[in-house]
Amino acid sequence: MDAMIQVRDLRKTYRMGEIDVPALRGVSFIIQRGEFVAIMGPSGSGKSTLMNLLGCLDTPSGGRYILDGLPVDQLDRNLLAAVRNRKIGFVFQQFNLLARQTALENVALPLVYLGGVPGEERYARAQQMLELVGMGDRLHHRPQELSGGQQQRVAIARALITQPALLLADEPTGNLDSRTSTDILALFEELNAQGITIVLVTHDADIAAHAVRVLAVHDGLLDSDTSTPRRSVNGGAAAVGHDHPGDARSNDGRRLDRSGGEHEHLDTNGAG
Ligand SMILES: Nc1ncnc2c1ncn2[C@@H]1O[C@H](COP(=O)(O)OP(=O)(O)OP(=O)(O)O)[C@@H](O)[C@H]1O
Ligand SMILES: [Mg+2]
């Protein structure tokens, strides 16, 4: 077994003055290295809360989280930041690029935080990453001089420059038209084929269909965990007889199994 993410009974309660807001009420699952997982669920169901925990951007109120063998639920904020810098790339709906910096500078920035990479090498690697995402001819453009899809490519290059083992994307195509979304999805599939583990939040069933496995979140709990037939961006052939790929219950419920053995699976209600 080669687990990238193991969460058990993960919880997050936000404190709003006197009121507790239980955003995640105990979710358990394992994501293996190399998987491409979509997280779906209605607005307010806890998807971003879960992503922020998986991305070490926030600490859980309870439960366990083991990331690539490291018990990150026990780390303080400084160590958490170090783990995040080394292991995780994050892509957001709003791109979150620095407006005054060029594409090249934006992409090189995580290497500053990582430390130990000389300036010249930072920019060389940033250029390589931008070329990888098809932005080699826009190195010196600032975000407002780029289209939405181009900005998201820059954001993806920035997420990849530290060579993270895990790419987390929260509604990465939420602000893009469907054509551009398809291009971005193709890029994710390519990265996944190269071995990077991807977890992506989406409202869009068509987008979720690019994932091999869909976790459905509802009201702070994991509702279902299903594998889906893979549909490739340019082909579409794999989606045989599967008109509603986002409906996690409409397929045969097979679990992803790369190893030939049983897919390890914790009880989704956290009781196991
Ligand atoms: N910082 C916060 N403080 C207090 N409550 C929060 C905070 N962040 C989220 N919540 C609450 O937690 C619940 C889950 O929010 P979350 O952002 O995880 O939902 P989501 O599934 O990502 O929704 P969407 O699809 O709209 O992005 C919501 O009820 C929300 O109001
Ligand atoms: Mg959200």
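That block above? That's the structure.
Here the structure is a predicted model, which is why all the values come from computation and not from measurement.

Thresholds applied
- Residues numbered from 1 in each chain as written.
- Chains lettered and ligands numbered in written order.
- Predicted model: local features only at pLDDT ≥ 70, side-chain atom pairs only at ≥ 80, totals over all residues.
- Pairing = 2+ DSSP bridges.
- Helix = DSSP H or I, 4+ residues; strand = E, 2+ residues; numbered from the N terminus.
- Near = placed C-beta within 6 Å.
- Nonpolar A, V, L, I, M, F, W, Y, C, P; charged D, E, K, R; others polar.
- Axes fitted to C-alpha atoms, helices over the stretch in contact; angles between N-to-C directions.
- Expected span 1.5 Å × (residues − 1).
- Buried ≥ 20, exposed ≤ 12 C-beta atoms within 10 Å, placed from the backbone.
- Arc of directions from axis to C-beta.
- Contact = placed C-beta atoms within 7 Å.
- Core = buried A, V, L, I, M, F, W, Y, C linked by C-beta atoms within 7 Å.

Colleague: What is the right way to look at the pairing of strand S4 (residues 62-67) in this model?
Modeller: As a general feature of sheets, a regular strand has side chains that alternate between the two faces. In terms of strand pairing, strand S1 (residues 3-16) meets S4 through 5 bridges, oriented antiparallel. Bridge pairing in S4 links Arg8 to Arg64. Hairpin connection, S4 to strand S5 (residues 70-71): the antiparallel pair is bridged by 2 residues, and Asp68 has positive phi, about 50°.

Colleague: Hey, could you run me through the pairing of S1 in this one?
Modeller: As defined by bridge partners, S1 adjoins strand S2 (residues 19-32) across 11 bridges and the pair is classed as antiparallel. For Lys12, the partnering residue across the bridge sits in S2 and is Leu24. Remark: 2 residues form the turn of the hairpin made by S1 and S2, two consecutive strands paired antiparallel; Gly17 in that turn has positive phi of roughly 60°.

Colleague: How should I be thinking about the site of ligand 1 in this particular structure?
Modeller: Close contacts around ligand 1 come from Tyr14, Met16, Val21, Ala23, Gly41, Ser43, Gly44, Ser45, Gly46, Lys47, Ser48 and Thr49, and that covers them all. Counting residues per element, the ones that place at least two in the shell around ligand 1 are S1, S2 and helix H1 (47-54). Residue contributions to the shell around ligand 1 peak at 3 residues, all from H1. When its residues are assigned to classes, the shell around ligand 1 shows 4 nonpolar, 7 polar and 1 charged.

Colleague: Which parts of the structure should I look at to understand the sheet that holds strand S9 (residues 213-218)?
Modeller: Adjacent strands of a sheet pair through backbone hydrogen bonds, lying either parallel or antiparallel. Taken in spatial order, the 6 strands make up an open sheet running S6-S7-S8-S3-S9-S10, and their pairing is mixed. The open sheet has two edge strands, strand S6 (88-92) and strand S10 (221-227), and neither has a second partner. Across the sheet, the mean angle from the axis of one strand to that of its neighbour is 15°, orientation sign disregarded. Pairing of S6 with strand S7 (residues 166-170), which is carried by 5 bridges, proceeds in the parallel orientation.

Colleague: Looking at this structure, how should I read helix H4 (residues 119-132)?
Modeller: Given 3.6 residues per helical turn, the α-helix brings residues three or four places apart onto the same face. Between its terminal C-alpha atoms H4 stretches 20 Å, which fits the 20 Å expected from 14 residues at 1.5 Å a residue. Looking only at H4, the buried set comprises Arg122, Ala126, Met129 and Leu130. Down the axis of H4, the smallest arc covering the buried residues is 100°, so these residues share one side. Facing away from the buried side of H4 by more than 90 degrees, the exposed set consists of Glu120 and Glu121. Taken together, the buried residues of H4 touch helix H3 (103-114) and helix H5 (148-160). Backbone geometry just downstream of H4 places Gly134 in the positive-phi region, at approximately 80°.

Colleague: What is the right way to read unusual backbone geometry from this model?
Modeller: Note: most peptide bonds trans; most residues except glycine with negative phi. Backbone geometry at Asp9 places phi at a positive 55°, although glycine is not the residue there. Among the secondary structure elements, Asp9 is positioned in strand S1. Asp9 sits in the partly exposed class, given 19 other C-beta atoms within 10 Å. Located in the positive-phi region is Cys56, a residue other than glycine, with phi close to 60°. Position of Cys56 among the secondary structure elements: in the loop between H1 and S4. What makes Cys56 buried here is the crowd of 26 C-beta atoms within 10 Å.

Colleague: Even after reading the chapter, I still don't get the sheet that holds S1, so can you show me in this structure?
Modeller: The 4 strands are arranged S2-S1-S4-S5 in an open sheet whose pairing can be described as antiparallel. Of all strands in the sheet, those with a lone pairing partner are S2 and S5, marking the two edges.

Colleague: Would you take a moment to explain the environment of Thr182 for this structure?
Modeller: With respect to the helices and strands, Thr182 occurs in helix H6 (residues 178-193). For Thr182, a count of 18 C-beta atoms within 10 Å gives the class partly exposed.

Colleague: How should I be thinking about the environment of Thr197 in this particular structure?
Modeller: Tracing the backbone shows Thr197 in strand S8 (residues 197-201). The buried category is assigned to Thr197, around which 23 C-beta atoms lie within 10 Å. Not counting residues up to four positions away in its chain, the partners in contact with Thr197 are Met4, Ile31, Arg33, Gly34, Glu35, Ala165, Leu166 and Leu167.

Colleague: Looking at this structure, I do not really get the nonpolar core. What am I missing?
Modeller: Nonpolar side chains in soluble globular proteins tend to end up buried together. By size, the foremost hydrophobic cluster in this structure holds 68 residues, and its most contacted members are Ile39, Val107, Leu130, Ala157, Leu167 and Leu168. Setting aside residues up to four positions removed in sequence, Val107 forms contacts with Ala126, Met129, Leu130, Val154, Ala157, Arg158 and Ile161.

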